[in-house]
Amino acid sequence: MIVVRTVDELRQVVSGWKAAGETVALVPTMGYLHRGHLSLITEARRAGAARVIVSIFVNPKQFGPGEDLERYPRNEARDRRLLEENGVDLLFAPETGTVYPSSHGAEVRVSGVSEPLEGSRRPGHFDGVVTVVLKLFNMAQPDIAVFGRKDAQQCAVVQQMVEDLNVPVRLVFGETIREADGLAMSSRNSYLDREGRETALALIHALRRGAAAAEAGADRRSVERSMSEELEKYPGAKLDYLRAVDPRTFLPAAAASDEWLLAGAIRVGTTRLIDNLIVRRPSRKAREEGNLSAVG
Ligand code: AMP
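Residues numbered from 1 in each chain as written. Predicted model: local features only at pLDDT ≥ 70, side-chain atom pairs only at ≥ 80, totals over all residues. Heavy atoms only, no water.

S.K.: I tried to follow the nonpolar core on my own but got confused; where do I start?
M.R.: A general tendency of soluble globular proteins is for nonpolar side chains to be buried together. Leu10, Ile53, Phe92, Phe137, Phe147, Met161 and Leu171 are the most contacted members of the largest nonpolar core, which has 48 residues in total. For this core, the leading source of residues is helix H6 (residues 125-140), giving 10 residues. Look past the residues within four positions of Phe147 in its chain and what remains in contact with it is Pro28, Leu40, Val133, Phe137, Gln154, Cys155, Val158, Leu171, Val172, Phe173 and Gly174. Core analysis: the next-biggest nonpolar cluster, separate from the first, contains 28 residues, Leu201, Leu231, Leu262 and Leu273 among them. (Core = buried A, V, L, I, M, F, W, Y, C linked by side-chain atoms within 4.5 Å. Buried < 20%, exposed > 50% of the residue type's maximum accessible area, 1.4 Å probe, protein only. Helix = DSSP H or I, 4+ residues; strand = E, 2+ residues; numbered from the N terminus. Contact = heavy atoms within 4.5 Å.)

This is the structure:
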């Protein structure tokens with residue numbers, strides 16, 4: 001595996017690959033890798049990439065004041081080993097000053113889909129995300145870029161940016177990889193002690209209860225209520241939001257739509273965790289029949 005830290009070196013390697021007609025994929029990460037990240041490498045190969053680049057960059061612009069930038073977990077030696085074992089061709093691990101020299105002034109902003117949920121809880125977060133993602137795209141010029149659906153709203157915001165700015169890259173989204181008990185893998189899980197790790201299950205349990213309600217035809221408010229009720233069973237879990245939204249706009253889910261995204265964020269101590277589930281709703285006819293039989 002080649003390890004590079006500068007844009008010139010990166011471009012040199014990538015242009016060699018492209019000249020040889022090889023399809024190049026980029027998997028952007030903030031490091032402290034887990035199986036969720038590694039699954040995106042597999043997705044890149046499945047999408048036809050002959051060469052896979054993984055970037056590791058803890059992007060200061062996507063952290064708000066008082067968030068966990070300083071304590072965000074880092075272990076480049078371990079990450080390198082994992083990437084080697086998973087057949088990655090190139091690790092791009094730039095210094096902060098390489099990505100943001102002191103002269104840096106440009107910022108990308110996507111309106112609309114970046115505003116609800118994470119956007120309202122973490123002002124400026126998605127501006128930081130799309131700014132660094134567009135920079136990474138321009139640095140590496142990949143044919144394919146892979147992101148995880150665990151960060152569903154991030155996928156939607158990046159997709160909007162790519163469409164709006166005509167960025168010549170094909171986006172691929174990988175499914176959320178979970179621990180055996182359902183907890184979505186996340187670098188931030190490393191902050192949790194044993195008790196916190198137990199409490200963290202509140203989020204997927206709440207989402208699963210909401211999914212069962214939605215799949216049985218419950219309306220949006222009942223689904224959201226059932227998720228909050230489930231969360232209340234875990235005294236250590238603090239609600240940020242648990243919502244049923246439209247998977248494209250992230251606005252409140254419409255009664256008539258047949259696919260909802262259940263999205264949640266909770267705090268366990270000082271650790272903030274997010275997760276989501278896609279649910280397919282019964283047809284309107286089936287819902288009406290279900291209501292009738294419940295009434296009858
Ligand atoms: P991060 O290092 O947290 O910025 O994540 C880098 C990429 O990995 C993003 O596209 C995430 O959505 C994705 N990712 C993080 N956790 C998971 C997971 N559990 N399953 C699948 N993809 C994930």
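Moving on from the model shown.
S.K.: Got a minute to help me understand the sheet that holds strand E1 (residues 2-4) in this structure?
M.R.: In a beta sheet, neighbouring strands pair by backbone hydrogen bonds and run either parallel or antiparallel. One open sheet holds the six strands; their spatial order is E1-E4-E3-E2-E5-E6, and the pairing between them is parallel. Two strands bound the open sheet, and with one partner strand each, they are E1 and strand E6 (170-174). The sheet shows a mean angle of 25° between the axes of neighbouring strands, taken without regard to direction. Judged from the five bridges that link them, strand E5 (residues 144-148) and E6 form a sheet pairing that is parallel. (Pairing = 2+ DSSP bridges. Axes fitted to C-alpha atoms, helices over the stretch in contact; angles between N-to-C directions.)

S.K.: Got a minute to help me understand the packing of aromatic side chains in this structure?
M.R.: Geometry of an aromatic ring pair is reported as the spacing of the ring centres plus the angle between the planes. Considering all chains together, one arrives at three aromatic pairs under this definition. Pairing Phe63 with Tyr72 gives two aromatic rings, centres 5.8 Å apart and planes at 80°, and the pair type is edge-to-face. Across from the ring centre of Tyr100, 4.8 Å away, lies the NZ or CZ of Lys61, which sits over that ring. The ring of Trp260 has Arg281 sitting right over it, with the charged end atom 3.7 Å from the ring centre. (Phe/Tyr/Trp six-rings, centres within 6.5 Å; stacked < 30°, edge-to-face > 60°. Lys NZ or Arg CZ within 6 Å of the ring centre and 35° of its normal.)

S.K.: What exactly am I supposed to notice about the pattern of salt bridges here?
M.R.: Between side chains of opposite charge, pairing is possible as soon as their charged atoms come close. Under the definition given, this model contains 24 salt bridges. Across the salt bridge formed by Arg51 and Glu22, the nearest N and O atoms sit 3.0 Å from each other. Placement of the pair is Arg51 in strand E3 (residues 51-56) and Glu22 in the loop between helix H1 (7-19) and strand E2 (24-29), with a sequence separation of 29 residues. The class for Glu22 is partly exposed, based on a relative accessible area of 24%. Here Arg149 and Glu175 are joined by a salt bridge, their closest N and O atoms 3.1 Å apart. Pair noted here: Arg149 is in the loop between E5 and helix H7 (152-164) and Glu175 is in the loop between E6 and helix H8 (194-199), with a separation of 26 residues, a long-range link. A relative accessible area of 36% means that Arg149 is categorised as partly exposed. Assessed through its relative accessible area of 53%, Glu175 is described here as exposed. Salt bridges sharing common partners tie together Glu22, Arg45, Arg51 and Asp89. (Salt bridge = Lys/Arg side-chain N within 4 Å of Asp/Glu carboxyl O.)

S.K.: What exactly am I supposed to notice about the sheet that holds strand E8 (residues 259-268) here?
M.R.: The three strands lie next to each other as E7-E8-E9, forming an open sheet whose pairing is antiparallel. This sheet does not close on itself; its edge strands, each paired only once, are strand E7 (237-245) and strand E9 (271-280). Within this sheet the neighbouring strands show an average axis-to-axis angle of 15°, counted without direction. Along the sheet, helix H9 (residues 201-215) makes contact with E7, E8 and E9, crossing E9 at roughly 20°.

S.K.: Would you mind going over the site of the ligand with me for this structure?
M.R.: Looking at the ligand, there are 17 residues lining it, with His37, Gly148, Asp151, Ile177 and Met185 nearest. The contact in question runs from an oxygen atom of the ligand to an N or O atom on the backbone of Met30, over 2.9 Å. Measuring from an oxygen atom of the ligand, one finds a backbone N or O atom of Gly148 at 2.9 Å. Out of a free accessible area of 480 Å², the ligand has 93% covered by protein chains. Breaking the shell around the ligand down by element, the ones donating at least two residues are E2, helix H2 (35-46) and E5. Of all the elements, H2 adds the most residues to the shell around the ligand, at three residues. The class makeup of the residues in the shell around the ligand is seven nonpolar, seven polar and three charged. (Near = heavy atom within 4 Å. Polar contact = N/O pair within 3.5 Å; in protein donor to acceptor, adjacent residues only side chain to side chain. Areas by Shrake-Rupley, 256 points an atom, 1.4 Å probe, with all protein chains shown as cover. Nonpolar A, V, L, I, M, F, W, Y, C, P; charged D, E, K, R; others polar.)

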